[in-house]
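Here are the chains, one letter per residue:
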Amino acid sequence: MLTFKNRLLAFVIIPLWAAFLTSLAESLIKRTLFNIDTMLTVLVLTFIVYVCYPFFSKEKFEAIFVRDAHSSFVRKIKQHKSYFIFHTLFWLFVGTWTTLTSLVHF
């Protein structure tokens with residue numbers, strides 16, 4: 001069973017982090033401040049991805065947020081480094097890819 005702390009982490013904090021990373025990658029490439037319209041779009045996308053994530057990768061989700069429910073966040077990161085590294089790099093890649101494709105005009 002998911003505790004409140006794990007629900008907050010899995011469905012609020014991690015998607016906000018993902019939206020921040022994606023918008024950060026975009027703003028660094030374009031050399032501008034954060035674009036609110038893009039940030040809201042990315043925020044909706046990340047919330048959809050992370051709400052659907054338990055259905056696509058049930059084993060990994062249960063290992064991190066159900067079986068290790070009473071572990072601290074730092075301990076979860078130490079035990080499941082690959083999950084957090086993958087999601088950090090994935091959203092940086094998404095931000096970079098979408099920004100570069102929007103800048104290239106064919």
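For clarity, every value in this text was computed on a predicted model and none was experimentally measured. (Residues numbered from 1 in each chain as written. Predicted model: local features only at pLDDT ≥ 70, side-chain atom pairs only at ≥ 80, totals over all residues. Heavy atoms only, no water.)

Participant: An account of the packing of aromatic side chains is needed here, citing residue identities and associated values.
Facilitator: What the rule picks out here adds up to twelve aromatic pairs. An angle of 80° between the planes, with centres 6.2 Å apart, marks the rings of F65 and Y83 as edge-to-face. Of this pair, F65 sits in helix 3 (residues 58-67) while Y83 sits in helix 5 (residues 81-103), and the two are 18 residues apart along the sequence. The buried category is assigned to Y83, whose relative accessible area is 4%. By the ring-pair criterion, three or more aromatic residues cluster together here, those being F11, Y50, Y53, F61, F65, F73, Y83, F84, F86, F90 and W91. (Phe/Tyr/Trp six-rings, centres within 6.5 Å; stacked < 30°, edge-to-face > 60°. Helix = DSSP H or I, 4+ residues; strand = E, 2+ residues; numbered from the N terminus. Buried < 20%, exposed > 50% of the residue type's maximum accessible area, 1.4 Å probe, protein only.)

Participant: Break down the environment of N35 for me, citing the residues and quoting the values.
Facilitator: Relative to the helices and strands, N35 is located in the loop between helix 1 (4-30) and helix 2 (36-56). On the basis of relative accessibility, which here comes to 34%, the residue N35 falls in the partly exposed class. A C-alpha to C-alpha distance of 37 Å links N35 and M1, two positions 34 residues apart in sequence.

Participant: Provide a residue-level description of the side chain of S27, including the pertinent values.
Facilitator: Mapped onto the elements, S27 comes out in helix 1. A polar contact is formed between the side chain of S27 and the backbone oxygen of L24, at a distance of 3.0 Å. Filtering out sequence-adjacent residues up to four positions away, S27 remains in contact with T32, L33 and F34. (Polar contact = N/O pair within 3.5 Å; in protein donor to acceptor, adjacent residues only side chain to side chain. Contact = heavy atoms within 4.5 Å.)

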